[in-house]
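Examination of the molecular architecture
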Amino acid sequence: MALMSSLLLVQGESPRTSEYQLKAVFLFNFVQFVDWPPSAPQDSQPPPPLLIGILGDDPFGTFLDETVRGERLGARSIQVRRYRRIADIEACNILFISRSESERVPEILSAVKNRPVLTVSDGDEFASQGGIIQFFTDKNRIRIRINLDAAEAANLTISSKLLRVAEVVRTPKR
Amino acid sequence: MNARSHPTSLLLLAVALTITASPALGQQRDSLQALKRLTLDQLMNIEVTSVSRRAERLAQTASAIQVITQEDIRQSGATSLPEALRLAANLQVAQINSREWAISARGFNSTSANKLLVLIDGRTVYTPLFSGVFWDVQDVLLSDVDRIEVISGPGATLWGANAVNGVINVITKEAKDTPGLTLVGGGGTELQGFGTARYGGTLGPRANYRIYGKGFARDRTLLPNGQGAPDDWHMGQGGFRIDWDASTSNRLTLQGDLYDGRSNQVNRGEIAISGKNLIAKWGHTVSANSDVGAQMYYDRTHRDIPGTFGEDLDIYDVDLQQRALLARHDVVWGVGYRLINDRVANSPGLAFLPPHVARQWFTAFVQDELALVAERLHVILGTKIEHNDYTGLEIQPSGRLNWTLSPNFHSEEELAYEAGYRHQNGPWLLSLATFYSHYHGLRSIEQTNPPNPTPLVIANGQDGESYGAELAATYRVSDRWRLRGGYTELRVHIWPNPGSTDTSRGSAESHTPDRQLFVHSSLDLPAHLRLDGMFRYLGKIANQQLPAYAELNARFTWQPVAALDLSIVGQNLLHNRHAEFGTPTARREIQRGVYGMAQCHF
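In what follows, the accompanying structure is described. Given the structure is predicted, the values throughout are model-derived calculations rather than measurements.

On to the overall build of chain B. A tally of helices and strands in chain B yields five helices and 34 strands. Across chain B, the fraction of contacts at a sequence separation of at least 24, relative to all contacts at a separation of at least 6, is 61%.

What follows is the structure, encoded as structure tokens:
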């Protein structure tokens, strides 16, 4: 029987970032680099929160909640919602579609069609299927593919700062 | 003497202290607040790894790490894994003859270097004959290698007892990253001919594969008197890899290799080496904070050295591990089982006894990395429990060498202290690692009936220490020209304990130069041309009376279109021939070599 114990003391960087921690920070950035059309003036005080919805199995755990906690866009707070069914989706501003829903992406996209919802997913082919922002991984780094046609159809304006670092595609003509 | 099956004990306490200050590497820090402050460009430069990836655990070890990238390997013109390992300044790499290499970290280099753990895609490459590596059969398609991580220093909890001085982790690309057909061919003076074919494709929407085949023939080395040592050899190898992202939370990998080679030797029949291996891996994401990984592999090697010995070795290995991120804790735990079945055919000259050995290991470990001060101070606490049973080997001298691993042979213990510094400033990147290690119970060769010189047994009758510094620097002269250098100072002292009859003073344990220096230059020239140079200097190996030497490799490349790459490579250009390892009569001399190569991709 052997027993080996070790104590290692490390100061400095730990070069490790979880994939979904990083994607959560990207979603937070999208809030700042996308302009939604002004909604109908509301008398409600305070203004409605900016909603980030997750449809399907939540891959973020607590990362997304921790990322947006206490953050505001202007006067609006940012809140996270989780949906199981397409019918559950409310008027969210960003909709993250989990890879668990990859089989029914067309159905989901048609449900939010022409609504100002920034659809985001890391499913394969998401952008060419008509989704707006697709995460993909290249050499262990997160990359972004943006379907500009889909963004325009949703009446969203994407900042050039975001477009500059993204791969821009158009919806394939049928 | 016929040794019995015996449980051994090991108490190893490794204390390592690494201090790294790296303002420019701050973007790698995992703190959420730090991430949120980053620009989009910076976010896109962060490397992400799935928590179950074995490779990633290395990056957390408090040790000196060097990473050899695919680009480094390609630019070096390396044609084998040992040649590629010359790119890591924290390794001691010496070519012994056309087929054999001595490779170690932090000293203790010998043909049977036993303090280094070598992994290829998670498979431990290892022979229980001397707890070392037969480098001649550790081949991969170098163009499919994603990176090689080289850690010098205590491998700590997560690795086995063999990782006392370092870990070499070879990681190949996923199948999706090697699409299409690639053909490579060439030949020259030392590496006389070689060819490679690899094809990658898809099996389904989330399943990819690649298959490859390769072969080469290498010329012999020279005896010290300048005559040819008949150790020319050739080998063929083929293999495959399949990666399947079965669902959002499940990843499967299946890969395997098959190889067969022949080598000449002095006045005896041809040496035959062959083998095969198969690895299956499963990675499962439990939640955003937890991953599970399982892997199993089978590895068979056959080695027939007429007049010396023959060996058939089967290794079966199963590992399961989980990693969980809980608040400030990063916990990894795992269990493993390994069965080794070793059959040896002995000769009148050398005998391993008993000829058939079956050994098994059970391992369990747990490690907790606790962030005491976020981004600043982490403590890693770990425990490893290992159970192994082993039987002995016997070698009798004078016509029959008698070498016994007696039941008194315990695992060696090491106490190590490390301090390091990393600095990035403009075009400069500097890293310095210093270390002191004390070894207790090093392998000794004891006389069983002193003063009779024989028989001899292997025991743990020696203590030793090693200390030194590893300095690595990169300087970007311009966008087109990059210089990289590495310098290592290393001292190893070994002494017998009271009562030990060992007279070798560790001469069997460490054949290492006091210092080594590397300078690599990569220069992009106009007109799709490129010139790479690799200079190395290694100090003398005192206990082998081996003189210091300096050598230069160079590669000149023309890439007229992206799909075609033509290059000419010179290896060991400064001398007609030179020796890197071995005593004056036993050593082989390596000749200057030049080869040409064409690579095309469809």
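There is more to say after this.
So, on to the overall build of chain A. Broken down by element type, chain A carries five helices and 11 strands. Out of the 174 residues in chain A, the part that is buried amounts to 40%. For chain A, restricting intrachain contacts to residue pairs at least 6 apart in sequence, the fraction spanning at least 24 positions comes to 59%.

Another aspect to go through is the nonpolar core. In this structure, Ala84(B), Leu85(B), Ile103(B), Ile168(B) and Val170(B) are the most contacted members of the largest nonpolar core, which totals 56 residues. The element best represented in this core is strand β6 (residues 116-120) of chain B, accounting for five residues. Membership of the second largest hydrophobic core comes to 45 residues, among which are Leu27(A), Leu64(A), Ile146(A) and Ile46(B).

Residue and element names in this part refer to chain B. Within the fold, Asp-257 resides in strand β16 (residues 250-263). Residue Asp-257 is classed as buried on the basis of its 23 C-beta neighbours within 10 Å. On a C-alpha basis, the gap between Asp-257 and Asp-299 in space is 9.4 Å, while along the polypeptide they are 42 residues apart. Beyond its immediate sequence surroundings of up to four residues, Asp-257 is in contact with Gln-237, Gly-239, Lys-276 and Asn-277.

Residue and element names in this part refer to chain B. By secondary structure assignment, the location of Gln-544 is in the loop between β29 (529-538) and β30 (549-561). Here Gln-544 falls in the partly exposed class, since 19 other C-beta atoms lie within 10 Å of it. A sequence separation of 38 residues divides Gln-544 from Gly-582, and the C-alpha atoms of the two residues are 5.9 Å apart. Ignoring anything within four residues of it in the chain, the contact list for Gln-544 reads His-511, Gly-582 and Thr-583.

Moving on: the sheet that holds strand β9 (residues 141-147) of chain A. Residue and element names in this part refer to chain A. Spatially, eight strands are ordered β4-β5-β3-β6-β7-β8-β9-β11 in an open sheet, and the strand pairing comes out mixed. Of all the strands in the sheet, just β4 (72-73) and β11 (167-169) have a single pairing partner and so form its edges. With six bridges joining them, strand β3 (residues 50-55) and strand β5 (residues 76-83) adopt parallel strand pairing. Among the inter-strand pairings, Leu-51 is bridged to a residue of β5, identified as Gln-79.

Another point: unusual backbone geometry. A negative phi angle characterises most non-glycine residues, just as the trans form characterises most peptide bonds. Residues and elements named next belong to chain B. Its identity as a non-glycine residue notwithstanding, His-528 has a phi of 60 degrees, on the positive side. Inspection of the secondary structure assignment puts His-528 in the loop between β28 (515-525) and β29. With phi around 55 degrees, Asn-572 is a residue other than glycine that occupies positive phi space. With respect to the helices and strands, Asn-572 occurs in the loop between β31 (564-571) and β32 (577-578). You can call Asn-572 buried: it has 21 C-beta atoms within 10 Å.

A word on the pairing of strand β6 (residues 94-97) of chain A. All names here are of chain A. The alternating pattern of β6 places Ile-94 and Phe-96 on one face and Leu-95 and Ile-97 on the opposite face, and all of these are buried. The pairing of β3 with β6 spans four bridges and is parallel. Following the sheet pairing, Ile-54 is matched in β6 by Phe-96. Bridge analysis of β6 against strand β7 (residues 118-121) gives four bridges, and the strand direction is parallel. When the bridges of β7 are listed, Leu-95 appears paired with Thr-119. With helix α3 (residues 105-111) bridging β6 and its parallel neighbour β7, the resulting β-α-β unit is right-handed.

Calculation notes
Residues numbered from 1 in each chain as written. Chains lettered and ligands numbered in written order. Predicted model: local features only at pLDDT ≥ 70, side-chain atom pairs only at ≥ 80, totals over all residues. Helix = DSSP H or I, 4+ residues; strand = E, 2+ residues; numbered from the N terminus. Contact = placed C-beta atoms within 7 Å. Buried ≥ 20, exposed ≤ 12 C-beta atoms within 10 Å, placed from the backbone. Core = buried A, V, L, I, M, F, W, Y, C linked by C-beta atoms within 7 Å. Pairing = 2+ DSSP bridges. Right-handed = clockwise from strand over helix to strand, strands pointing away.

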